[in-house]
Amino acid sequence: MRDAVIVQAVRTPIGKRNGALSGEHPVDLSAAVLRGLAERTGLDPALVEDVIWGCASQVGEQGGNVGRYAALAAGWPEEVPGTSVDRACGSSQQAATFAAAGVIAGQYDIVVCGGVESMSRVPMGSARTQGPGKPFGPTVRERYEGVEFNQGISAEAVAERWELSRAELDLHALDSHERAARAIDAGLFETEIVPVTVDGPDGPVVVDTDEGVRRGGTPEKLAQLKPAFREDGVVTAGNSSQISDGAAALLVTTSEIAAKHGWRPLARFHSFALAAVDPVIMLTAPIPATAKVLDRAGLQLSEIGAFEVNEAFAPVTGAWLKETGADPKLLNARGGAIGLGHPLGGSGARLMTTLVHRMQDDGIRYGLQTMCEAGGMANATILEAL
């Protein structure tokens with residue numbers, strides 16, 4: 001039976017909103033990681049049978065199939081096709097699932113997957129149409145009694161259900177920044193980041209470090225922030241993910257084909273699962289997705305040595321920890337979306353990139369990744385280090 005392995009995984013630094021990467025067109029940002037992937041593996045791009053690219057806001061500069069244009073912008077042969085995937089925040093994790101499934105099924109031998117989001121240039125929600133009942137439609141609105149689906153309000157509901165206090169959430173956020181800062185200072189991201197050269201006021205500037213990490217934060221400083229979604233709420237800008245720009249890419253093939261090309265894979269795709277929940281609370285699906293993927297893999301939670309769970313809001317990972325009983329030290333050990341940033345459609349591939357490098361660096365056999373997605377969904381993936 002064929003398998004699917006990750007030969008290499010790379011990402012751009014994560015730029016903050018209107019930061020160093022905001023001048024880069026998302027297609028060009030995508031091309032940067034495609035070129036970096038080829039350079040680090042010696043890949044002949046003519047061998048790539050598809051570029052499967054996640055993007056959450058497929059409109060404007062991210063419309064018109066960003067995956068196809070990314071390959072062209074990278075200078076790859078015109079014969080290399082590309083497609084774009086939208087599963088909201090999980091778009092590029094879903095792209096990786098599609099890539100692996102295609103390789104295992106024999107539809108692909110060599111495929112590239114990943115994703116991008118330039119939230120500075122294409123604001124979150126840009127793809128939604130305007131008007132009453134849209135984009136959900138009148139029947140969906142009727143089913144949920146006219147409730148407006150709002151992730152911030154959902155985060156408040158999660159915090160309330162799992163009894164997560166403002167102090168707990170703020171500490172969770174501070175920890176994310178501190179872990180990310182330690183990882184940067186230790187050079188742990190150097191093997192995964194493809195530097196991006198941008199135009200600066202005095203000439204070209206090389207961007208090679210994540211921009212959103214805030215150092216020196218304290219509980220007292222975070223406590224001064226006003227709730228963002230409910231007057232008496234606990235969710236603030238400080239304990240939510242950042243609006244960001246970034247892209248990531250992975251090269252996927254079989255272990256047999258990898259050996260023929262002299263590639264040493266980083267990890268094997270072990271198991272996959274999807275879950276969906278009430279779309280009003282929406283952010284809890286990583287909990288059942290985790291249970292489903294562990295059951296499918298035939299593994300216990302205790303056998304997983306690394307978890308990457310997207311920190312869309314601190315209540316998401318806070319509730320996940322409480323419900324699963326996972327060791328907090330194994331979760332987002334190099335920082336999460338609160339500390340590093342969350343470039344929507346690129347985040348799934350970013351998490352997977354960080355996960356496989358973390359597994360290699362720390363000698364971890366199994367890693368699990370999951371993330372909440374708009375509409376009440378979640379992807380979950382287990383990787384096995386090679």
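What counts, and where the lines are drawn
Residues numbered from 1 in each chain as written. Predicted model: local features only at pLDDT ≥ 70, side-chain atom pairs only at ≥ 80, totals over all residues. Heavy atoms only, no water. Helix = DSSP H or I, 4+ residues; strand = E, 2+ residues; numbered from the N terminus. Rg over C-alpha atoms; globule rule 2.2 N^0.38 Å. Buried < 20%, exposed > 50% of the residue type's maximum accessible area, 1.4 Å probe, protein only. Contact = heavy atoms within 4.5 Å. Areas by Shrake-Rupley, 256 points an atom, 1.4 Å probe, with all protein chains shown as cover. Lys, Arg positive; Asp, Glu negative; His and termini not counted. Charge placed at Lys NZ, Arg CZ, Asp CG, Glu CD. Salt bridge = Lys/Arg side-chain N within 4 Å of Asp/Glu carboxyl O. Core = buried A, V, L, I, M, F, W, Y, C linked by side-chain atoms within 4.5 Å. Axes fitted to C-alpha atoms, helices over the stretch in contact; angles between N-to-C directions. Parallel < 35°, antiparallel > 145°, perpendicular 65-115°, else oblique. Nonpolar A, V, L, I, M, F, W, Y, C, P; charged D, E, K, R; others polar. Arc of directions from axis to C-beta. Left-handed = near helix turned anticlockwise from the far one by under 90°. Phe/Tyr/Trp six-rings, centres within 6.5 Å; stacked < 30°, edge-to-face > 60°.

### Concerning the overall build of the protein chain
For step 1, the next point in the chain: Assigned secondary structure in the protein chain consists of 12 helices and 12 strands.
For step 2, the next point in the chain: A compact globule built from 386 residues should have a C-alpha radius of gyration of about 21 Å, and the protein chain, at 20 Å, falls within 12% of that.
For step 3, the next point in the chain: Overall size of the protein chain, expressed as C-alpha extent along the three principal axes, is 60 × 50 × 50 Å.
For step 4, the next point in the chain: By residue count, 57% of the 386 residues in the protein chain fall in the buried class.
For step 5, the next point in the chain: Long-range pairs, those at least 24 residues apart, make up 80% of the contacts in the protein chain between residues at least 6 apart in sequence.
For step 6, the next point in the chain: Summed over its atoms, the accessible surface of the protein chain is roughly 15600 Å², and 50% of this surface lies on carbon and sulfur atoms.
For step 7, the next point in the chain: Taking the average place of the 33 positive charges on the side chains of the protein chain and the average place of its 47 negative ones, the gap between the two points comes to 2 Å.

### What to know about helix α5 (residues 151–161)
For step 1, the next point in the chain: Gly 152, Ser 154, Ala 155, Glu 156, Val 158 and Ala 159 are the residues of α5 that are buried.
For step 2, the next point in the chain: In this structure, the buried residues of α5 make contact with α6 (166–185) and α10 (314–324).
For step 3, the next point in the chain: With its phi angle positive at about 55°, Glu 163 sits one or two positions after the end of α5.

### Focus on the pattern of salt bridges
For step 1, the next point in the chain: In the structure shown here, the tally under the stated rule is 17 salt bridges.
For step 2, the next point in the chain: In this structure, Asp 232 engages Arg 230 in a salt bridge whose closest nitrogen and oxygen atoms are separated by 3.0 Å.
For step 3, the next point in the chain: For Asp 232, a relative accessible area of 58% puts it in the exposed group.
For step 4, the next point in the chain: You can call Arg 230 partly exposed: its relative accessible area is 31%.
For step 5, the next point in the chain: Between Arg 268 and Glu 384 there is a salt bridge, with its nearest N and O atoms 3.8 Å apart. Note that Arg 268 is positioned in strand β9 (residues 267–276) and Glu 384 in strand β12 (residues 377–385), a separation of 116 residues in sequence.
For step 6, the next point in the chain: Under the relative-accessibility criterion, Arg 268 is labelled partly exposed at 25%.

### Structural notes on the nonpolar core
For step 1, the next point in the chain: Leu 283, Ile 304, Phe 307, Trp 320 and Ile 382 are the most contacted members of the largest nonpolar core, which totals 43 residues.
For step 2, the next point in the chain: Phe 307 has contacts with Leu 301, Trp 320, Ala 326, Leu 330, Leu 331, Asn 332, Arg 358 and Leu 368, leaving out every residue within four places of it along the chain.
For step 3, the next point in the chain: Within the second largest apolar cluster, 36 residues are counted, among which are Val 33, Leu 43, Ile 110 and Ile 257.

### Points about unusual backbone geometry
For step 1, the next point in the chain: If you check the backbone angles, Ala 88 has positive phi at about 50° while not being a glycine.
For step 2, the next point in the chain: In this structure, Asn 332 is a non-glycine residue whose phi angle is positive, near 45°.
For step 3, the next point in the chain: Structurally, Asn 332 is set in the loop between α10 and α11 (337–340).

### Comments concerning the packing of helix α3 (residues 91–105) against helix α12 (residues 347–362)
For step 1, the next point in the chain: Running from N to C, α3 and α12 cross one another at 70°; their axes reach a closest spacing of 5 Å. Considering the angle they form, α3 stands roughly perpendicular to α12. Contacts between α3 and α12 involve Ser 92, Gln 93 and Ala 96 from the former and Ser 347, Gly 348, Ala 349 and Met 352 from the latter.
For step 2, the next point in the chain: When its residues are assigned to classes, the contact of α3 with α12 shows three nonpolar, four polar and no charged.

### Section: helix α2 (residues 66–73)
For step 1, the next point in the chain: Within the sequence span of α2, burial applies to Val 66, Gly 67, Ala 70 and Ala 71. The arc that holds every buried residue of α2, seen down its axis, measures 140°, which confines them to one face.
For step 2, the next point in the chain: Against α1 (26–41), β3 (51–54), β4 (82–85) and β5 (110–118) lie the buried residues of α2.
For step 3, the next point in the chain: Taken from the residues just after α2, Gly 75 is the one with a positive phi, measuring 85°.

### Concerning the environment of Ala 275
For step 1, the next point in the chain: Note that Ala 275 resides in strand β9.
For step 2, the next point in the chain: A sequence separation of 110 residues divides Ala 275 from Ser 165, and the C-alpha atoms of the two residues are 27 Å apart.
For step 3, the next point in the chain: The residues touching Ala 275, leaving out its near neighbours within four places in the chain, are Ala 285, Pro 288, Ala 289, Lys 292, Gly 376, Met 377 and Ala 378.

### Overview of the packing of α1 against α2
For step 1, the next point in the chain: Close contact between α1 and α2 brings their axes to 8 Å; oriented N to C, the two are set at 60°. When the interaxial angle is binned, α1 and α2 end up oblique. α1 and α2 meet at a crossing whose hand is right-handed. Between α1 and α2, the residues in contact are Val 27, Asp 28, Ser 30, Ala 31, Leu 34 and Arg 35 and Val 66, Tyr 69, Ala 70, Ala 71 and Ala 73, respectively.

### Comments concerning the packing of aromatic side chains
For step 1, the next point in the chain: Taken as a whole and assessed by the stated rule, the structure comprises four aromatic pairs.
For step 2, the next point in the chain: Summarising the aromatic geometry, the rings of Tyr 144 and Phe 149 are spaced 5.7 Å apart at their centres and angled 70° between planes, so their arrangement reads as edge-to-face.
For step 3, the next point in the chain: Relative to Phe 313, the ring of Phe 229 lies with its centre 6.0 Å away and its plane at 75°, an arrangement referred to as edge-to-face. Highlighted residues: Phe 229 in the loop between α7 (219–223) and β8 (244–253) and Phe 313 in the loop between β10 (306–309) and α10, separated in sequence by 84 residues.

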